[in-house]
Amino acid sequence: MTPLRALSVTSELFPFVKTGGLADVAGALPAALAPEGVAVRTLVPGYPGVMHALRAADVAHAFADLGGGPARLLAAQVLGLDLLVLDAPHLFDRPGNPYLGPDGSEWPDNALRFAALARVAAAIGQGLLPSYLPDLVHAHDWQTGLAPAFLHYGGTPRPATVMTVHNLAFQGQFPATLLAALGLPAHAFTVDGVEYYGQIGFLKAGLALADRITTVSPTYAAEIRTPEFGMGLDGLLRRRAGVLSGILNGIDLDVWNPATDPYLASNYSAARIAARAANKAALQRQLGLAPRPEALLLGVVSRLTWQKGIDLLHDTLPAIAGAGAQLALLGSGERALEAGFTAATRQFTGSVGVEIGYDEALAHLIQGGADALLVPSRFEPCGLTQLCALRYGAVPVVARVGGLADTVVDTNAMALAAGAGTGVLFAPPTREMLEAALGRAAALWRDQATWRHVQDRGMATDVGWARPARQYADLFREAVRERALAHAPAA
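This write-up is about the structure you can find in this document. (Residues numbered from 1 in each chain as written. Predicted model: local features only at pLDDT ≥ 70, side-chain atom pairs only at ≥ 80, totals over all residues. Heavy atoms only, no water.)

## Some thoughts on the overall build of the protein
For the protein, the helix and strand inventory stands at 19 helices and 18 strands. What you see for the protein is a C-alpha radius of gyration of 23 Å, in line with the 23 Å of a compact globule of 491 residues. Principal-axis analysis of the C-alpha atoms gives the protein an extent of 70 × 50 × 45 Å. Burial statistics for the protein: of 491 residues in total, 57% are counted as buried. Of the accessible surface of the protein, which amounts to about 19,200 Å², a share of 57% is contributed by carbon and sulfur atoms. (Helix = DSSP H or I, 4+ residues; strand = E, 2+ residues; numbered from the N terminus. Rg over C-alpha atoms; globule rule 2.2 N^0.38 Å. Buried < 20%, exposed > 50% of the residue type's maximum accessible area, 1.4 Å probe, protein only. Areas by Shrake-Rupley, 256 points an atom, 1.4 Å probe, with all protein chains shown as cover.)

## Details of the nonpolar core
The biggest cluster of nonpolar side chains holds 78 residues, and the ones touching the most others in it are Leu43, Leu146, Phe202 and Leu207. Among the elements that take part in this core, helix α4 (residues 110–125) stands out by supplying 10 residues, more than any other. Leaving out residues up to four positions away in the same chain, Leu207 has contacts with Met163, Val165, Leu168, Ile213, Leu233, Leu236, Leu237 and Arg240. (Core = buried A, V, L, I, M, F, W, Y, C linked by side-chain atoms within 4.5 Å. Contact = heavy atoms within 4.5 Å.)

## Description of the pairing of strand β6 (residues 136–140)
Among the 5 residues in β6, 5 count as buried, and that is most of the element. Of the two faces of β6, the one holding Leu136, His138 and His140 and the one holding Val137 and Ala139 are both buried throughout. Between the parallel elements β6 and strand β7 (residues 160–165), the chain passes through helix α5 (residues 146–153) in a crossover that is right-handed. (Right-handed = clockwise from strand over helix to strand, strands pointing away.)

## With respect to the pattern of salt bridges
Summed over all chains, the structure comprises 17 salt bridges. Between Asp87 and Arg72 there is a salt bridge whose closest N-O contact spans 2.8 Å. In this pair, Asp87 sits in strand β5 (residues 81–87) while Arg72 sits in strand β4 (residues 71–78), placing the two residues 15 residues apart along the sequence. Judged by relative accessible area, which is 11%, Asp87 ranks as buried. Arg378 is paired through a salt bridge with Asp311; the nearest N and O atoms lie 2.8 Å apart. Here Asp311 lies in helix α10 (residues 310–315) and Arg378 lies in the loop between β16 (372–375) and α14 (385–392), a separation of 67 residues in the sequence. (Salt bridge = Lys/Arg side-chain N within 4 Å of Asp/Glu carboxyl O.)

## A word on helix α13 (residues 360–369)
Taking burial as the measure, the 10 residues of α13 include 9 buried ones, the bulk of the element. Listed as buried for α13 are Glu360, Leu362, Ala363, His364, Leu365, Ile366, Gln367, Gly368 and Gly369. Two or three places before Ala361, at the start of α13, stands the capping residue Asp359, its side-chain oxygen 3.0 Å from that residue's backbone nitrogen. (Polar contact = N/O pair within 3.5 Å; in protein donor to acceptor, adjacent residues only side chain to side chain.)

## Concerning the packing of α5 against helix α6 (residues 202–209)
Running from N to C, α5 and α6 cross one another at 55°; their axes reach a closest spacing of 7 Å. Taken as axis vectors, α5 and α6 run oblique relative to one another. In this structure, α5 crosses over α6, and the sense of that crossing is left-handed. For the pair formed by α5 and α6, the contact residues are Leu146, Pro148, Ala149, His152 and Tyr153 on the first element and Phe202, Ala205, Gly206 and Leu209 on the second. (Axes fitted to C-alpha atoms, helices over the stretch in contact; angles between N-to-C directions. Parallel < 35°, antiparallel > 145°, perpendicular 65-115°, else oblique. Left-handed = near helix turned anticlockwise from the far one by under 90°.)

## So, the sheet that holds strand β8 (residues 173–175)
Strand order in this open sheet of 3 strands is β8-β10-β9, and the pairing throughout is antiparallel. Each edge of the open sheet is held by one strand with a lone partner, namely β8 and β9 (195–196). For β9 and strand β10 (residues 199–201), the ladder comprises 2 bridges, and the chain directions are antiparallel. Within β10, the position partnered with Glu195 by the bridge is Ile200. (Pairing = 2+ DSSP bridges.)

## Here's the deal with the packing of α13 against α14
Any two packed helices are characterised by how steeply their axes cross, that is the angle between the axes, and by the distance between the axes. Two elements in contact, α13 and α14, have axes separated by 8 Å at closest approach and are oriented at 50°. Looking at the two axes, α13 sits oblique to α14. Crossing of α13 over α14 shows right-handed handedness. Where α13 approaches α14, its residues His364, Gln367 and Gly368 are matched on the opposing element by Thr385, Cys388, Ala389 and Tyr392.

## Re the sheet that holds strand β2 (residues 38–45)
Across the sheet, which stays open at both edges, the 9 strands sit in the order β3-β4-β5-β2-β1-β6-β7-β11-β12 with mixed pairing between neighbours. This sheet does not close on itself; its edge strands, each paired only once, are β3 (58–63) and β12 (244–246). Recorded for the sheet is a direction-independent mean angle of 25° between the axes of neighbouring strands. Bridge count between β3 and β4: 5 bridges; the pairing is antiparallel. In the strand pairing of β4, Val59 is matched with Leu74. Taken strand by strand, helix α1 (residues 21–33) contacts β2, β5 and β6, and its axis lies near 150° from that of β2.

## Examining α4
The end-to-end C-alpha distance of α4, which contains 16 residues, comes to 23 Å, matching closely the 22 Å that a straight helix rising 1.5 Å per residue would cover. Counting buried residues along α4, 13 of its 16 residues qualify, which places the element largely inside the surrounding structure. Immediately downstream of α4, the backbone of Gly127 shows phi near 105°, a positive value. (Expected span 1.5 Å × (residues − 1).)

## Points about the side chain of Thr144
Along the chain, Thr144 falls in the loop between β6 and α5. With sequence-adjacent residues up to four places away left out, Thr144 is seen in contact with Val9, Thr10, Ser11, Leu117, Ala118, Ala139 and Met163.

## Description of unusual backbone geometry
Of note, the amide linkage connecting Phe14 to Pro15 takes the cis form, showing an omega dihedral of 10°. Here Pro15 shows up in the loop between β1 (4–9) and α1. In this structure, the amide linkage connecting Ala427 to the following residue, Pro428, adopts the cis form with an omega of -5°. When you line up the elements, Pro428 lands in the loop between β18 (424–426) and α17 (431–446). At Asp141, a position not held by glycine, the phi torsion is positive, near 60°. When you line up the elements, Asp141 lands in the loop between β6 and α5. Judged by relative accessible area, which is 9%, Asp141 ranks as buried.

This is the structure we're talking about:
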């Protein structure tokens with residue numbers, strides 16, 4: 001059977017450029033989809049980290065002017081990924097965060113940068129490359145939201161389009177005066193097109209004009225159709241509910257494997273769980289925590305933002321330290337939260353350890369060394385850290401929202417009596433409920449036999465990509481089939 005050809009277009013791709021879970025998903029899905037008969041090529045901007053990884057590349061196309069300068073489309077195979085790299089130095093050859101300048105502000109030309117990426121994706125879908133015509137264009141988040149729009153307004157035939165929302169909070173809204181500069185026709189600026197409260201909405205455009213919409217968990221797919229979680233787009237999403245699906249994320253089971261993880265001080269498995277203790281000791285040493293094996297060590301790997309509930313966690317620090325527990329935190333984000341947690345390392349010396357920034361090795365060590373993993377998010381489309389925690393035997397303590405509710409089974413009394421439960425869930429996301437959840441976790445920790453059973457069930461949970469990949473492949477085929485019927489001439 002001829003594989004379905006899918007062009008994935010993304011602004012992040014692990015291991016080349018990453019600010020969050022989008023990069024992990026975009027990097028893992030191609031390999032997961034291959035056994036399902038879906039051949040994925042990934043279009044990604046030519047950031048410095050991407051260009052550095054290219055050992056050899058062919059020039060697939062040259063643009064005399066793309067968004068204010070010349071550009072090339074490079075084709076390469078890197079680390080098992082089939083890449084199309086948009087080499088446009090005037091747009092993407094910038095250090096650091098792909099969206100923010102050195103001062104932490106958004107690059108002022110972000111609209112032009114990511115419109116150019118979307119225009120190239122659409123052009124490929126319409127036959128830019130004679131040797132490659134995708135059956136489907138899969139766009140990820142606001143940065144690529146205009147790809148379905150360019151294809152919609154570009155006439156037919158065209159490939160099917162799927163828009164995946166990884167986080168509805170980031171929408172990409174820009175002034176209406178940019179319409180022509182972005183390459184959009186005047187008639188696109190309507191409520192049914194790219195217009196959004198008088199501006200151009202990149203994500204809104206993708207949600208309105210893609211053939212199918214997916215988000216990264218079934219619960220989040222339901223939540224975003226409500227005013228509480230819909231971020232102003234709930235009305236549109238309710239109207240398009242018939243083409244909206246929630247497909248849980250997975251994690252790369254080769255990258256996240258405690259039995260082989262090179263970042264751990266001690267490799268282990270569910271059958272060799274005692275070997276995990278060496279990672280806890282190593283984590284305590286690295287973050288300046290007291291060497292107390294009996295203390296409940298709580299781990300956090302997160303952006304330090306209001307969305308993630310990190311302010312609630314900060315407010316619980318006196319209760320955590322007062323109960324004799326410890327906290328190991330890795331992350332960056334809002335300056336006030338960074339400063340607050342940094343100060344807490346001095347206020348609660350030996351009980352709170354913090355690393356501001358992101359460090360892949362430390363992220364793995366926290367998963368392999370913390371006893372519990374905290375995710376107190378106010379909303380969470382899916383979350384990946386709790387999936388890693390399940391695999392690594394770090395019991396998740398999470399808010400009952402979005403994908404957290406879909407992936408963690410609460411260890412309430414009835415669940416424990418039935419031999420079920422993989423973590424602790426709480427709602428609503430408030431300091432009081434978080435403290436209550438931490439109290440439940442501490443009670444579990446004191447009963448080490450029960451704690452081991454919870455760990456075992458978590459480590460046996462299927463958190464890989466095989467099942468989600470089957471769901472994506474089925475959805476892709478349905479979208480392609482429906483698009484083909486729409487193109488078919490009338491009888």
